Protein chains: 2
Amino acid sequence: MVQYRRTDRVNRVAAAISDPTRRAILERLAQGPARISDVAQPFAMSLTGFCKHVRVLERARLVRRTRRGRENTLELSCEPLRQVAQWVLQYEPFWNARADRLQQFLVNQKEKPQ
Amino acid sequence: MVQYRRTDRVNRVAAAISDPTRRAILERLAQGPARISDVAQPFAMSLTGFCKHVRVLERARLVRRTRRGRENTLELSCEPLRQVAQWVLQYEPFWNARADRLQQFLVNQKEKPQ
């Protein structure tokens, strides 16, 4: 069950970050919490469209929304990214191996008599 | 333009790994290249359904397909995961900061006179 929940969370988080607008929202919130209208302002879309993206991020628990005064404030919540990082980093030895082979190839090319 | 292509690649790769079947295919191929029918065998789905997942992985360049004899062979290609890792790891200081704060809280609790 725990395994299932973790799988489900990786699904949601990976889907959430597969969109450039949603990644840009997270990048904005990395500077600190902000009012939803301020975060929305630079994006060339309706507030309704923007709020749909925010809801996807909330469901993935990457963003927390709190009401302060008359306005909603958004705050980054990075913890769920850790599990995606863990999954992706399993494969680091593979891409490093390729980089090592490429480097070795370049060294060999350099050492070859012209 | 380069920036756009990188963005586009992160989109595709993150969407590709947002599905547990596709992640399981990559995990299987981490053990080495394999015939498509052998990779498909443990999955409770039609070969057609399975091949749709493979195509998503191919479009994200996470899997290479080659024809050997009468059968297609699949091979892992991890390089595109590196860019997703780079994007996700920007946020590592945030989740580490939270873990540090939690640890400090627990230390403080322990040190408190009972």
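Structure: see above.
Residue numbering note: each chain is counted from 1, following its sequence as written. Ligands are numbered from 1 and chains lettered from A, in the order in which they are written. Side-chain atom pairs in this predicted model are given and counted only at pLDDT of 80 or more, local residue features only at pLDDT of at least 70, and totals for whole chains, interfaces and linings cover all residues. Working from all heavy atoms in the structure, the side-chain values ignore hydrogens and water.

A. Spotlight on the interface of chain A and chain B. By definition, residues are in contact when any of their heavy atoms lie within 4.5 Å. Taken residue by residue, the interface counts 29 residues in chain A and 29 residues in chain B. Where chain A abuts chain B, roughly 2,700 Å² becomes buried across the two surfaces, and 71% of that area is made up of carbon and sulfur atoms. One side-chain nitrogen of Lys or Arg within 4 Å of one carboxyl oxygen of Asp or Glu is enough to make a salt bridge. Where chain A meets chain B, there are zero salt bridges. Here a polar contact is taken to be a pair of N or O atoms separated by no more than 3.5 Å, where protein atoms must pair a possible hydrogen donor with a possible acceptor and residues adjacent in sequence count only if both atoms sit in side chains. Taken together, chain A and chain B are joined by six residue pairs in polar contact (both at pLDDT 80 or more). Each helix is a run of H or I in the DSSP string that is no shorter than four residues. Each strand is a run of E no shorter than two, and both are numbered from the N terminus. Elements supplying a minimum of two residues to the side of chain A that touches chain B: helix H1 (2–16), helix H2 (20–29), helix H5 (79–89) and helix H6 (92–111) of chain A. Sorting elements by how many residues they give to the side of chain A that touches chain B places H5(A) first, with eight residues. A breakdown of the residues in the side of chain A that touches chain B according to their chemical character gives 19 nonpolar, four polar and six charged. Buried area adds together the accessible area that both of two parts lose upon being put together, with accessible area traced by a 1.4 Å probe. In this count, Pro and Cys sit with the nonpolar residues alongside Ala, Val, Leu, Ile, Met, Phe, Trp and Tyr, while Asp, Glu, Lys and Arg are called charged and the others, Gly among them, polar.

B. Structural view of the nonpolar core. If you look at the biggest cluster of nonpolar residues, it comprises 60 residues, and the most contacted ones within it are A:Leu81 and B:Leu81. Excluding its chain neighbours within four sequence positions, the residues that come into contact with B:Leu81 are A:Trp87, A:Val88, A:Tyr91, A:Trp95, B:Val13, B:Ile17 and B:Leu62. The definition of a nonpolar core used throughout is a set of buried Ala, Val, Leu, Ile, Met, Phe, Trp, Tyr and Cys residues joined through side-chain atoms within 4.5 Å. Each residue is assigned to one of three classes by its accessible area relative to the maximum for its type, calculated with a 1.4 Å probe on protein chains only: buried under 20%, partly exposed between the two thresholds, exposed over 50%.

C. Representation of the relation of the copies chain A and chain B within the structure. Superposing chain A onto chain B requires a rotation of 180° together with a translation of 0.0 Å along the rotation axis, leaving an RMSD of 0.1 Å. One copy is carried onto the other by what is essentially a two-fold rotation axis. Looking at chain A, 100% of its interface residues are interface residues in chain B too, so the copies touch through the same face. Our superposition of the copies is a least-squares fit, built on the C-alpha atoms of residues whose pLDDT is at least 70 in both.

D. Structural view of the packing of aromatic side chains. Pairing of aromatic side chains here covers Phe, Tyr and the six-membered ring of Trp, requires ring centres within 6.5 Å, and sorts the geometry by plane angle: under 30 degrees stacked, over 60 edge-to-face, intermediate tilted. The tally for this structure, following the rule as stated, stands at six aromatic pairs over all chains. Seen from their ring centres, B:Phe43 and B:Phe50 are 5.5 Å apart, and the 40° between their planes marks the pair as tilted. Neither residue differs from the other here; B:Phe43 and B:Phe50 are each classed as buried. Here the aromatic rings of B:Trp87 and B:Tyr91 are separated by 5.0 Å at their centres, their planes lie at 50°, and the arrangement is tilted. Among the residues examined, B:Trp87 registers a relative accessible area of 9% and is labelled buried. Owing to a relative accessible area of 2%, B:Tyr91 belongs among the buried residues under this scheme. Grouping aromatic residues by their ring pairs yields a cluster made of A:Trp87, A:Tyr91 and A:Phe94.

E. Broad picture of the pattern of salt bridges. Residues and elements named next belong to chain A. In this structure the tally under the stated criterion is 12 salt bridges over all chains. In this structure, Arg 12 engages Asp 8 in a salt bridge whose closest nitrogen and oxygen atoms are separated by 3.9 Å. Of this pair, Arg 12 and Asp 8 both sit in helix H1, four residues apart, which is roughly one turn of the helix. Owing to a relative accessible area of 42%, Arg 12 belongs among the partly exposed residues under this scheme. Residues joined in a network through salt bridges with shared partners are Arg 35, Asp 38 and Glu 71.

F. Seen up close, the environment of A:Ser18. In this fold, A:Ser18 is placed in the loop between H1 and H2. For A:Ser18, the residues in contact, after removing those within four places along its chain, are A:Arg23, B:Asn11, B:Ala14 and B:Ala15.

G. Spatial organisation of the sheet that holds strand E3 (residues 71–76) of chain A. Residues and elements named next belong to chain A. Strand order in the open sheet formed by three strands is E1-E3-E2, and the pairing between neighbours is antiparallel. The sheet is open, and its two edges are formed by strand E1 (34–35) and strand E2 (63–68), each paired on a single side. Pairing between strands is defined by DSSP: at least two bridges between the two strands are required. By the bridge criterion, six bridges tie E2 to E3 in an arrangement that is antiparallel. Within the sheet, the bridge partner assigned to Thr 66 lies in E3 and is Thr 73. For helices, the fitted line uses only the C-alpha atoms of the stretch in contact; every axis is such a line through C-alpha atoms, and the angle between N-to-C directions lies from 0 to 180 degrees. Contacts from H2 reach E1, E2 and E3 within the one sheet, and its direction differs from that of E3 by about 90°. Set on the sheet, helix H4 (residues 47–59) makes contact with E2 and E3; between it and E2 the angle comes to about 115°.

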